[in-house]
Amino acid sequence: MDNIQKLTESFQANTKIDENTKGNLEYLISVFQKRFPSVSLDNFCERLKTLQVVRGSKYVFEEATQYNPKDNTIVINQGLLQQEKVDARHSMMKTLLSIITAKDLSYGFATNRSLEALNVGFCEIVANNLVGNEGESSYEDEQILVNSIGSSIGLEPFIDAFFTNNSDLLITKLFARCGSSVALDKFLSQANHNMHTRKQMGTSRLFALQQDAYLMFGSGYDFIMNKRTMEETIGLKYPESEKLEQLSKTDLVETMKR
């Protein structure tokens, strides 16, 4: 059974999601499939059969939309979703990526919690590449770190680890470059700490983390990155790919605001 047939049957089996939401999900998954045709959608199709969409409080959930693997629900934060700084299509693509790569209570290669910041940054980069982002990003630091490391080891290890939940693959590649498990653990811990405390502290340790990345991974990434704009520095750079053609927007924003 091919992916299209599996998706069709899973959408039909779900009676808890309205037709507008199904249409939005179908649009996003078609964009994803065009860029990543070899990625298995078995996990997504299975979860889709019982997936629900619920509303969440902005005081509990920090994202406009996010996936809760424990309850198999997409949580929509109406307060954030209606803000101009939020691109609903970008937010929903990140949520879709979370469902596709969900495993237990995590997604991507965050099965190893030490990789949480890099996992978030890579997910943002993939979503940017697929549908762009006309809003503001809360994870610019994490995207820059992934691109910084990726300029040295390539993005292929991130891609493979993300879509197979194989955190060991990425850890092994990072260790091979830096040669010190102690230094690597410290770097990853500081990256996670920077992500979690940046909003509360009002300061970023990106510059110091970039310096560490340069010394550890030999990335050759210049240290004026933090002065550049998002458009100049952030982008999923697959050497073998062509630029994804622009697809017209759907009514996702209006649908998700209702």
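Predicted model, so just to flag it, every value in this text is computed and none were measured. (Residues numbered from 1 in each chain as written. Predicted model: local features only at pLDDT ≥ 70, side-chain atom pairs only at ≥ 80, totals over all residues. Heavy atoms only, no water.)

### Things to note about helix α5 (residues 88–100)
Right, so step 1: In a regular helix each residue adds 1.5 Å, so 13 residues correspond to 18 Å; α5 covers 18 Å between its end C-alpha atoms and thus fits that length.
Right, so step 2: Among the 13 residues of α5, 13 are classified as buried, and the element is accordingly described as predominantly covered.
Right, so step 3: Among the residues of α5, the N-terminal cap falls to Asp 87, whose side-chain oxygen and the backbone nitrogen of Arg 89 are separated by 3.0 Å. (Helix = DSSP H or I, 4+ residues; strand = E, 2+ residues; numbered from the N terminus. Expected span 1.5 Å × (residues − 1). Buried < 20%, exposed > 50% of the residue type's maximum accessible area, 1.4 Å probe, protein only. Polar contact = N/O pair within 3.5 Å; in protein donor to acceptor, adjacent residues only side chain to side chain.)

### Points about the side chain of Asp 87
Right, so step 1: Relative to the elements of secondary structure, Asp 87 occurs in the loop between α4 (78–81) and α5.
Right, so step 2: One buried charge, Asp 87, has no salt-bridge partner; the nearest side chain with opposite charge is Arg 89, at 4.9 Å.
Right, so step 3: Engagement of the side chain of Asp 87 in a polar contact is seen with the backbone nitrogen of Arg 89, the distance being 3.0 Å.
Right, so step 4: Beyond its immediate stretch of four places on either side in the chain, Asp 87 contacts Gly 132, Asn 133, Glu 134 and Gly 135. (Lys, Arg positive; Asp, Glu negative; His and termini not counted. Salt bridge = Lys/Arg side-chain N within 4 Å of Asp/Glu carboxyl O. Contact = heavy atoms within 4.5 Å.)

### Describing the environment of Val 75
Right, so step 1: Structurally, Val 75 is set in strand β3 (residues 73–76).
Right, so step 2: Taking relative accessible area as the criterion, Val 75 reaches 4% and is therefore assigned buried.
Right, so step 3: When the C-alpha positions of Val 75 and Arg 55 are compared, they lie 5.5 Å apart, and in sequence the two are 20 residues distant.
Right, so step 4: Ignoring anything within four residues of it in the chain, the contact list for Val 75 reads Val 54, Arg 55, Gly 56, Phe 61, Ala 64, Thr 65, Gln 66 and Asn 68.

### Things to note about the pattern of salt bridges
Right, so step 1: The full count for this structure, using the stated rule, is 8 salt bridges.
Right, so step 2: In this structure, the salt-bridge partner of Lys 22 is Glu 19, at a minimum N-O distance of 3.8 Å. Taken together, the residues Lys 22 and Glu 19, both in helix α2 (residues 19–35) and 3 residues apart, mark about one turn of the helix.
Right, so step 3: Asp 141 is the salt-bridge partner of Arg 198, the closest N and O atoms lying 3.4 Å from each other. Placement of the pair is Arg 198 in helix α10 (residues 181–201) and Asp 141 in helix α7 (residues 140–153), with a sequence separation of 57 residues. In terms of burial, Arg 198 and Asp 141 fall into one category: buried.

### Topic: the packing of aromatic side chains
Right, so step 1: Enumeration according to the criterion identifies 11 aromatic pairs in this entry.
Right, so step 2: One aromatic cluster is present, built from ring pairs that chain together Phe 32, Phe 36, Tyr 107, Phe 109, Phe 122, Phe 158, Phe 162 and Phe 163.
Right, so step 3: The ring of Phe 36 is capped by Arg 35, whose NZ or CZ atom sits 4.9 Å from the centre of that ring. (Phe/Tyr/Trp six-rings, centres within 6.5 Å; stacked < 30°, edge-to-face > 60°. Lys NZ or Arg CZ within 6 Å of the ring centre and 35° of its normal.)

### Side note on the confidence of the model for the protein chain
Right, so step 1: On average, the protein chain scores 83 in pLDDT, and the residues at 70 or more come to 83%.
Right, so step 2: Overall, residues 220–258 carries pLDDT values under 50, and its contacts beyond four positions in sequence, including any with other chains, amount to 88 contacts. (pLDDT = per-residue confidence, 0-100.)

### A word on the pairing of β3
Right, so step 1: Taking every second residue as pointing to the same face, both faces of β3 are buried, with Thr 73 and Val 75 on one and Ile 74 and Ile 76 on the other.
Right, so step 2: Both strand β2 (residues 65–68) and β3 contribute to a ladder of 4 bridges, which runs antiparallel. What sits directly across from Thr 65, in β3, is Ile 76.
Right, so step 3: As consecutive antiparallel partners, β2 and β3 are separated by 4 residues, and within that stretch Asn 72 has a phi angle of approximately 55°, a positive value. (Pairing = 2+ DSSP bridges.)

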